[in-house]
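Here's the letter readout for the chains.
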Amino acid sequence: MEENILRVENLSFTYDKEKFVLKDINMEFKKGIAYGIFGRSGAGKSTLLSLLAGLETSKYGHIYYKNQDLFQMNLDKYRCNEIGIVFQAYNLLPQLTAIENVVLSMDISNLKVKDREKKAKSLLSKVGIRDEMMNRRILQLSGGEQQRVAIARALSYDSEIILADEPTGNLDPEMEDEIIDLLLKIAHKENKCVIIISHSKNVKQRVDQLYHLVNGRLIDSANEEK
Amino acid sequence: MYIFKNAFRNVFRNRGKNILIGIIITVITVCTCMGLAIYKAGTNLVATYKETNPLAVRFNLDMSTLRNASDDEKNDFSSLTVEDIQNYADSDLVKDYYYTLEASVSSTTIEAVSDNERPNAADEENNEVEEREFGKGQMEGNIGDFRITAYSNFAYFSDFTNGDKKIVEGMMVTGSSDEDEFVISKDLADENELSVGDSITLCLATDEDTTFTFEIIGIYQDSSSSDASNFMTMNALNSSNQLFANVESLQKILDAMGEDDTKLVASNGLSAEFYLTSNDQVDNFEEEVREKGLSDYYTVSTNENEILETLQPIQNISTFSFHFLIVILVIGIVVLAIINFLNIRDRKYEIGVLRAIGMSKWKVTGQFVLEVFFVALISLVIGTAIGFVSSQPITNQMLKIEIDSYTSKSTSIEENFGRNDMSRPAQDISGGRGGQPNEKSGGKGMTTNTTDYVTSLEVQIDLITILQLFGISILLTITSGGVACIIVNQYNPNKILQNRT
């Protein structure tokens, strides 16, 4: 059986040391599976993603990446090499073109590739960005196109985990399907661990495994393979 | 390094803000360049001036020590003579020197300009002191109505070089002439209806039968406002009754007096001055003259303080430029820090994204600093060029003021003496070398060199200046970038991105 690539143990989190937004969370993630983390607004989904992405740390509990304590690792290196993050608001650099955004990500991760621009084009093409769009600045692209560029950026340095925070939150239903298809394809065909945080029913129905957060707690019944 | 690529790209992508930053850095660079150039020009001018204007070494009789000496010591003491001065001047350390002689004479053929002013209270007090020291009767008995002064080199006569006295007819006597000729004041000429070419007869104050006939070769006008030294209302101390003769002629009168007349009259304020080959030879010169017999009752001093006073305006300009430089740098750092702060605050989102995708704090900081540095580099080139162009006329203006003061002095010499071949040695400040007189002028010939003043000083923005400007730019960039560093390190990428969402 394949080893967990990411494991959450007894994780709690508080911003103000009084009210815990996450309480005693335990989770496991494997490669080749698309996970969905669901819950209402304020349930702690985004906080959990921030912790999994290494954007926050907690004194309560642990997250293990390949059996290494994440909070003891260099989180900059973790973010630029080990995980790809897709944000709801895309978070691309507007002064750069689509290609430049992807290449920058490869630059930061110091990816050993001869021609980064060629690879960036290949990735953008794979996520459905046409050639003529690749050299446009980000603000000249539609929301769906921007999200595709963000996915291409997350894939650019061959990380084994893709974290997507409400990736379809700003998209219309048709575009939502396309993005979900893309993420599932990445999980299944490229053997990556894809973790999608969402409250979309569409996503909920299509991911391989679900986690359900309610008021910062994980609901056991939700942790079932579909 | 990708941060160089990103920084360079961002400089052009964020043109608007960077042009603004560039303008500010250019202004700072221009001011810095000008400040540096003026500061350097000022310090160079001061250094050159000090190098090319030899100190005047003087011997001063220490009267208080002499008064306190025992009678035997007083009897052993011998005041300086012209021969002593010439002996001391005969040294490899001496470039030039001069001395003055003075005698008091009377005349039966011309009337002195009388001084009817009464002394004021302060003068009376001084008068009493003087009378106690010398005895008025004794002084008056030895003093005639006229005072004849001779300079071994009249180029050193400051009353004429400064313009207080001016030749209005004829010409000045020279140190090299041995003719019986002198120059009289316009007041005295008017009083006795004398003109150039006339001869007058003088006699000793103590012996009317011993006479000397001199030809008037020049008439001077005294524009000084008052004669403060004439507190005893003696005709001889009235500046209108002062006559100027050459050393040889005056020597005849002094010889006729039959006293120890070749001694310099230190109490009358007359003295000898020596100009050395190098200003750092003063101690060696003192050692040499002591060995040659200069009495311990004479102290050796220099006019260093006077020179420093002369240089004060330039040093003030230099100091002002330096302070201006510091103020500009401080203002530059503050302004750039504020602009950087505002710039970084505007680009908070970008910082959040870069940090979220794994770029370290230091690399983000480095990229922002590099962006400012690239702008600073371009501004440095533009600012240095503008600074070079604008600092030149300012420095020239500063120099012109200085040169004007020297030129006016030179003009005074030419106009006041009625000749243009009288000069002091080593007033050439053009090349760091002093003037080289053909022979030592004391008591003999005058120097024949003419003074070539610098009419322009090229401001050289040399490699050192460029490196200094470069260093200043780095200082500005790093200091203002430090602000970026502090701000970036305080940002939490997660919070930035969450707030935006």
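Residues numbered from 1 in each chain as written. Chains lettered and ligands numbered in written order. Predicted model: local features only at pLDDT ≥ 70, side-chain atom pairs only at ≥ 80, totals over all residues. Heavy atoms only, no water.

### Considering the overall build of chain B
In plain terms, the rule: Numbered from the N terminus, helices here are DSSP runs of H or I no shorter than four residues, and strands are runs of E no shorter than two. Note on exposure labels: buried denotes an accessible area under 20% of the residue type's maximum, exposed denotes more than 50%, and partly exposed covers the range between, all computed with a 1.4 Å probe on protein chains only. The contact definition used throughout considers only heavy atoms, calling two residues in contact when any of these lie within 4.5 Å. To be clear on the numbers: accessible area is Shrake-Rupley with a 1.4 Å probe, and residue cover counts the displayed protein chains and nothing else.
Secondary structure summary: chain B contains 17 helices and eleven strands in total. Within chain B, the fraction of its 501 residues that count as buried is 50%. Across chain B, contacts joining residues at least 24 apart in sequence account for 84% of those joining residues at least 6 apart. Accessible area for chain B stands at about 23,800 Å²; split by element, carbon and sulfur atoms hold 51% of it.

### Concerning helix H14 (residues 348-356) of chain B
All names here are of chain B. Counting buried positions along H14 gives eight out of nine residues, so the element sits mostly inside the fold. Those residues of H14 lying buried are Tyr349, Glu350, Ile351, Gly352, Val353, Leu354, Arg355 and Ala356. Gly358 occupies a position one or two residues after H14 and carries a positive phi of about 105°.

### Examining the interface of chain B and chain A
Rules: Put simply, buried area is how much 1.4 Å-probe accessible surface two parts lose in total, over both of them, once they are put together. A pairing counts as a salt bridge when a side-chain nitrogen of Lys or Arg comes within 4 Å of a carboxyl oxygen of Asp or Glu. Pairing of N or O atoms within 3.5 Å defines a polar contact, subject to two protein rules: one partner must be a possible hydrogen donor and the other a possible acceptor, and residues neighboring in sequence count only if both atoms are side-chain atoms.
Counting from both sides, the interface comprises 23 residues of chain B and, opposite them, 24 residues of chain A. Summed over both partners, the interface of chain B with chain A comes to about 2,100 Å²; 52% of that surface belongs to carbon and sulfur atoms. Interface area lost by chain B to chain A is led by Arg13(B), Ile357(B) and Asn494(B), which between them contribute 28%. The interface formed by chain B and chain A contains four salt bridges. Of the charged contacts, one joins Asp107(A) and Lys5(B) as a salt bridge, the two residues approaching to 3.1 Å between their closest N and O atoms. The interface formed by chain B and chain A contains ten residue pairs in polar contact (both at pLDDT 80 or more).

### A word on the sheet that holds strand S1 (residues 56-61) of chain B
Residues and elements named next belong to chain B. Spelled out, the test is: A pair of strands is treated as paired once DSSP finds two or more bridges between them. An axis is simply a line fitted to the C-alpha atoms; with a helix, the fit covers only the stretch in contact. Between two such axes, the angle follows the N-to-C directions and lies from 0 to 180 degrees.
The four strands are arranged S2-S10-S1-S11 in an open sheet whose pairing can be described as antiparallel. Each of the sheet's edge strands pairs with one partner strand only, and the pair in question is strand S2 (94-98) and strand S11 (298-302). Across this sheet, the average inter-strand angle for adjacent strands is 25°, counted without regard to direction. Bridge count between S1 and strand S10 (residues 273-276): three bridges; the pairing is antiparallel. Looking across to S10, one finds that Ala56 is bridged to Tyr275. Here helix H5 (residues 82-89) sits on the sheet and contacts S1, S2 and S10; the angle it forms with S2, its principal contact strand, is near 160°. Taken strand by strand, helix H11 (residues 282-291) contacts S1, S2, S10 and S11, and its axis lies near 155° from that of S11.

### Some points on the packing of aromatic side chains
Filter applied, for reference: A pair of aromatic rings is counted whenever rings of Phe, Tyr or Trp (Trp by its six-membered ring) have centres within 6.5 Å, and the orientation is called stacked for planes under 30 degrees apart, edge-to-face for over 60 and tilted otherwise.
Here the structure, examined in full by the defined rule, presents 24 aromatic pairs over all chains. Consider the rings of Tyr65(A) and Tyr78(A), whose centres lie 5.4 Å apart with planes at 75°: the pair is edge-to-face. One end of the pair, Tyr65(A), is in strand S4 (residues 60-65); the other, Tyr78(A), is in helix H2 (residues 75-82), with 13 residues separating them in the sequence. Centroid distance Phe77(B) to Tyr298(B): 5.9 Å. Interplanar angle 35°. Geometry classified as tilted. Placement of Phe77(B) in the loop between helix H4 (71-76) and H5 and of Tyr298(B) in strand S11 is noted, with a sequence separation of 221 residues between them. Tyr298(B) shares its class with Phe77(B); the two are buried. Following the ring pairs from residue to residue traces out a cluster consisting of Phe59(B), Tyr88(B), Tyr97(B), Tyr99(B), Phe274(B) and Phe285(B).

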